[in-house]
Amino acid sequence: MTSGQKLLIIVCGLPGTGKSTVAKILAQRLGAKLLRTDVIRKEIFRQPRYDAKNVDRVYRELFLQAQKSEETRNIILDATFSKKKHRKTALRIAKLLGRRFVIIETMCSVAVVHLRLNKRTHRSISDARFSQYLAMRQSFEKIREPHYVINTSKGQRAVFKKTAALVRQLI
Ligand SMILES: Nc1ncnc2c1ncn2[C@@H]1O[C@H](COP(=O)(O)OP(=O)(O)OP(=O)(O)O)[C@@H](O)[C@H]1O
Ligand SMILES: [Mg+2]
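Quick notes on the rules
- Residues numbered from 1 in each chain as written.
- Chains lettered and ligands numbered in written order.
- Predicted model: local features only at pLDDT ≥ 70, side-chain atom pairs only at ≥ 80, totals over all residues.
- Helix = DSSP H or I, 4+ residues; strand = E, 2+ residues; numbered from the N terminus.
- Rg over C-alpha atoms; globule rule 2.2 N^0.38 Å.
- Buried ≥ 20, exposed ≤ 12 C-beta atoms within 10 Å, placed from the backbone.
- Contact = placed C-beta atoms within 7 Å.
- Expected span 1.5 Å × (residues − 1).
- Arc of directions from axis to C-beta.
- Pairing = 2+ DSSP bridges.
- Axes fitted to C-alpha atoms, helices over the stretch in contact; angles between N-to-C directions.
- Core = buried A, V, L, I, M, F, W, Y, C linked by C-beta atoms within 7 Å.
- Parallel < 35°, antiparallel > 145°, perpendicular 65-115°, else oblique.
- Left-handed = near helix turned anticlockwise from the far one by under 90°.
- Nonpolar A, V, L, I, M, F, W, Y, C, P; charged D, E, K, R; others polar.

A. Focus on the overall build of the protein. Scanning the protein from N- to C-terminus turns up seven helices and five strands. Counting helices and strands in the order they occur from the N terminus, the protein gives β-α-β-α-α-β-α-β-α-α-β-α. Relative to the 2.2 N^0.38 estimate, which gives 16 Å for 171 residues, the radius of gyration of the protein is 15 Å and therefore close to what a compact globule would have. Dimensions of the protein along its principal axes, counting C-alpha atoms only, are 40 × 35 × 30 Å. Within the protein, the proportion of its 171 residues that are buried is 33%. Within the protein, contacts between residues at least 6 apart in sequence are counted, and of these 76% link residues at least 24 apart.

B. The arrangement of helix 4 (residues 84-96) in detail. End to end, helix 4 covers 18 Å across 13 residues, agreeing with the expected 18 Å (1.5 Å per residue, within 8%). All of the buried residues in helix 4 are His86, Arg87, Ala90, Ile93 and Ala94. The arc enclosing the buried residues of helix 4, seen along the axis, measures out at 120°, which places them on a common side. Residues of helix 4 that are exposed and point more than 90 degrees away from the buried face comprise Lys85, Lys88, Arg92, Lys95 and Leu96. Contacts made by the buried residues of helix 4 are with strand 1 (7-12), helix 3 (52-67), strand 3 (75-78) and strand 4 (100-107).

C. Structural context of the pairing of strand 4. Bridge analysis of strand 1 against strand 4 gives six bridges, and the strand direction is parallel. Across the sheet, residue Leu8 finds its bridge partner in strand 4, namely Phe101. Here strand 4 pairs with strand 5 (residues 148-151) via four bridges, running parallel. Bridge pairing links Ile104 to Tyr148 in strand 5.

D. Helix 7 (residues 156-170), seen in detail. The end-to-end C-alpha separation of helix 7 is 21 Å, in line with the 21 Å expected for 15 residues at 1.5 Å each. Among the residues making up helix 7, those that are buried are Val159, Thr163 and Leu166. Projected onto a plane normal to the axis of helix 7, the buried residues spread over an arc of 60° and lie on a single side. Counted as exposed and oriented over 90 degrees from the buried face of helix 7: Arg157, Lys161, Ala165 and Arg168. The elements touched by buried residues of helix 7 are helix 1 (19-30) and strand 5.

E. Seen up close, the sheet that holds strand 5. On the basis of which strands lie adjacent, the open sheet formed by five strands has the order 2-3-1-4-5 and parallel pairing. Among the strands making up the open sheet, the edge pair consists of strand 2 (33-36) and strand 5. Averaged over all adjacent pairs, the angle separating strand axes in this sheet is 20°, with direction ignored. Here helix 1 sits on the sheet in contact with strand 1, strand 2, strand 3, strand 4 and strand 5, set at roughly 175° to strand 3.

F. Structural view of the nonpolar core. Residues Ile9, Val11, Val22, Leu26, Leu62, Ile76 and Leu77 are the most contacted members of the largest nonpolar core, which totals 30 residues. Other than its neighbours up to four places away in sequence, Ile76 contacts Ile9, Val11, Ala23, Leu26, Ala27, Ala32 and Leu34. Within the second largest apolar cluster, five residues are counted, among which are Leu14, Val113, Ala128 and Tyr133.

G. Structural view of the packing of helix 3 against helix 4. Look at helix 3 against helix 4: their axes get within 11 Å of each other, and the N-to-C directions meet at 15°. Put simply, helix 3 runs roughly parallel to helix 4. For the element pair helix 3 and helix 4, the recorded crossing hand is right-handed. Along the contact surface, helix 3 presents Tyr59, Phe63, Ala66 and Gln67, while helix 4 presents His86, Thr89 and Ile93. When the residues that make up the contact of helix 3 with helix 4 are grouped by side-chain class, the tally is four nonpolar, three polar and no charged.

So, in structure tokens, the structure goes:
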């Protein structure tokens, strides 16, 4: 479905599955405002904190910043969104802002996530480690809402192509 309506896209998925990579491509192609919990978490805490109370705090800030976005721009929210309640809040905000709501889930094979997260350096803005991926796999509330999936197991070029194809469907 296409319309002139601006988008609010949430890019969800387990740690290390390629959310930020996909979100960045989407943002470039859609001229969108990109908001990331990776970045917001670092702004709020010196050491990353992942207990439920502080996770909620980071999402609250993410949603506040989304609501302050210019009306003329698409918005992309890059976060795990492992809890249904956070996806529901994003939907509510999309409605409030008159945006078309789109959910994209990134997926990747366990072996590839393992390799990619182990290669991460201290320069990466995200601190997610493979142990967090394994823990989150147990607690992630499966996305039963209508959504698109991008599998990022292949190389950057394949992911770029898939994401660009999805953008063409969305606009
Ligand atoms: N298609 C790809 N080919 C090779 N490397 C990739 C690909 N996609 C992502 N990566 C690398 O894998 C790592 C994880 O990707 P990315 O940061 O996009 O995942 P994420 O889901 O945002 O992770 P986090 O949950 O920690 O924020 C990064 O180092 C990234 O550069
Ligand atoms: Mg990320």
